[in-house]
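Residues per chain are reported as follows:
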Amino acid sequence: MISKGATRNSNSRRIKFARRFVSALLHMRNQNPRPGSLSIEGSVRTRSQRIKIAAYLSMAQAVGSRRAWSRAVLSKLGSRARRHMRRMGRSSLGSLKKKRVIRSYSPGELGQAKKLRQLVPGGETMDICSLLEETAHYITCLATQVKVMQTLADNFSK
Amino acid sequence: MSSRRSRSRQQTGASRNITDEQIADLVSKLQQLIPEIRNRRSDTVSASKVLQETCNYIRSLHREVDDLSDRLSDLLATTDTDSAQAAIIRSLLSQ
């Protein structure tokens, strides 16, 4: 069912994700965090939170700018966004939400689509067709992300 | 691909050039990706149900990421460098 091209794409995406995520994990090992030492970033985060952010960020980087959802993740989590947050002293997401967007509505889809928009990164400003496409891609990438993290956790426990 | 219906509905500003057919097509593609619906294998699944199950699936995936992050955080703290590297090599080889 999946064409050969799509399988090659999904394989290379998985490998790209795994490489970035693993290098982020190793980097975290060397840091040896204590609650106080994280105040440089302006926010104290547990290692679990940083691992979670690294996972989403690594996947978005592996996908690149090709997808609207990955672009939304990159702008929210990227290092530039963090620096921006520090300087501004408030969330930079506030200014993004103020943009007025005209969406084309399709009757009958509205109820469920609203919840979906909140779950898919960048979904708030998409038309229904893009939302459905981006959702499909987002789901496949999320599933890959979970699989890789699961494999890592299983192998660590051995 | 004929878009007669969409052209007649086109308005200025919010251009409504999306057909019901396109939406139904995308919804059916989405349907195939969701394990809940794929395993039950009933052909008559409403679009609203697909969207609902999609939301549930995405939420469950997010929860899994949270749990796995917790697990990995604990594991990172308790394994030494050599075991960590061995674990990573094992994971990458078994992919």
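See the structure above.
Every value quoted in this text rests on a predicted model; they were computed, and no experiment measured them.

Asker: What's the story with the interface of chain A and chain B in this structure? I'm lost.
Answerer: Where interface size is quoted, it is often the accessible area lost as the parts come together. Counting from both sides, the interface comprises 50 residues of chain A and, opposite them, 46 residues of chain B. When chain A packs against chain B, the two sides together hide about 4,500 Å² of surface, and 73% of this comes from carbon and sulfur. At the boundary of chain A with chain B, the tally comes to two salt bridges. Here B:Arg71 ties to A:Asp154 by a salt bridge, and the two come within 3.4 Å at their closest N and O atoms. Where chain A touches chain B, the interface holds six residue pairs in polar contact (both at pLDDT 80 or more). Put simply, the parts of the chain that give the side of chain A that touches chain B at least two residues each are α1 (4-31), α2 (47-63), α6 (110-119) and α7 (128-157) of chain A. Among the elements that take part in the side of chain A that touches chain B, α7(A) stands out by supplying 23 residues, more than any other. Looking at the side of chain A that touches chain B residue by residue, the class counts come to 28 nonpolar, eleven polar and eleven charged.

Asker: Just to check I follow, could you spell out the state of the cysteines for this structure?
Answerer: By definition, a disulfide links the sulfur atoms of two cysteines through a covalent bond. Counted according to the given criterion, the structure contains zero disulfides over all chains. The thiol of A:Cys129 is not disulfide-bonded; the next cysteine sulfur, from B:Cys55, is found 17 Å away. Distance from the sulfur of A:Cys141, which forms no disulfide, to the nearest cysteine sulfur (B:Cys55) is 18 Å.

Asker: Would you take a moment to explain helix α5 (residues 81-94) of chain B for this structure?
Answerer: All names here are of chain B. Its 14 residues place the ends of α5 20 Å apart at the C-alpha level, agreeing with the 20 Å of an ideal helix rising 1.5 Å per residue. Among the residues of α5, those classed as buried are Ala84, Ala87, Ile88 and Ser91. One side of α5 holds all its buried residues, which, seen down the axis, span an arc of 100°. Turned more than 90 degrees away from the buried face of α5, the exposed residues are Asp82, Ile89, Leu93 and Ser94. With a side-chain oxygen lying 3.3 Å from the backbone nitrogen of Asp82, the N-terminal cap of α5 falls on Asp80.

Asker: For this particular structure, what's the right way to read the pattern of salt bridges?
Answerer: Between side chains of opposite charge, a pair can form as their charged atoms come close. This model, assessed by the stated rule, comprises five salt bridges over all chains. In this structure, A:Glu134 engages A:Arg67 in a salt bridge whose closest nitrogen and oxygen atoms are separated by 3.5 Å. Taken as a pair, A:Glu134 in helix α7 and A:Arg67 in the loop between α2 and α3 (68-77) lie far apart in primary sequence, 67 residues in all. Among the ionic pairs, B:Lys49 bridges to B:Glu53, the shortest N-O distance being 3.4 Å. With a gap of four residues between them, B:Lys49 and B:Glu53 both fall in helix α4 (residues 47-78), about one helical turn apart. Accessibility expressed as a relative area gives 30% for B:Lys49, which makes it partly exposed.

Parameters at a glance
- Residues numbered from 1 in each chain as written.
- Chains lettered and ligands numbered in written order.
- Predicted model: local features only at pLDDT ≥ 70, side-chain atom pairs only at ≥ 80, totals over all residues.
- Heavy atoms only, no water.
- Contact = heavy atoms within 4.5 Å.
- Buried area = accessible area lost by both parts, 1.4 Å probe.
- Salt bridge = Lys/Arg side-chain N within 4 Å of Asp/Glu carboxyl O.
- Polar contact = N/O pair within 3.5 Å; in protein donor to acceptor, adjacent residues only side chain to side chain.
- Helix = DSSP H or I, 4+ residues; strand = E, 2+ residues; numbered from the N terminus.
- Nonpolar A, V, L, I, M, F, W, Y, C, P; charged D, E, K, R; others polar.
- Disulfide = S-S within 2.5 Å.
- Expected span 1.5 Å × (residues − 1).
- Buried < 20%, exposed > 50% of the residue type's maximum accessible area, 1.4 Å probe, protein only.
- Arc of directions from axis to C-beta.

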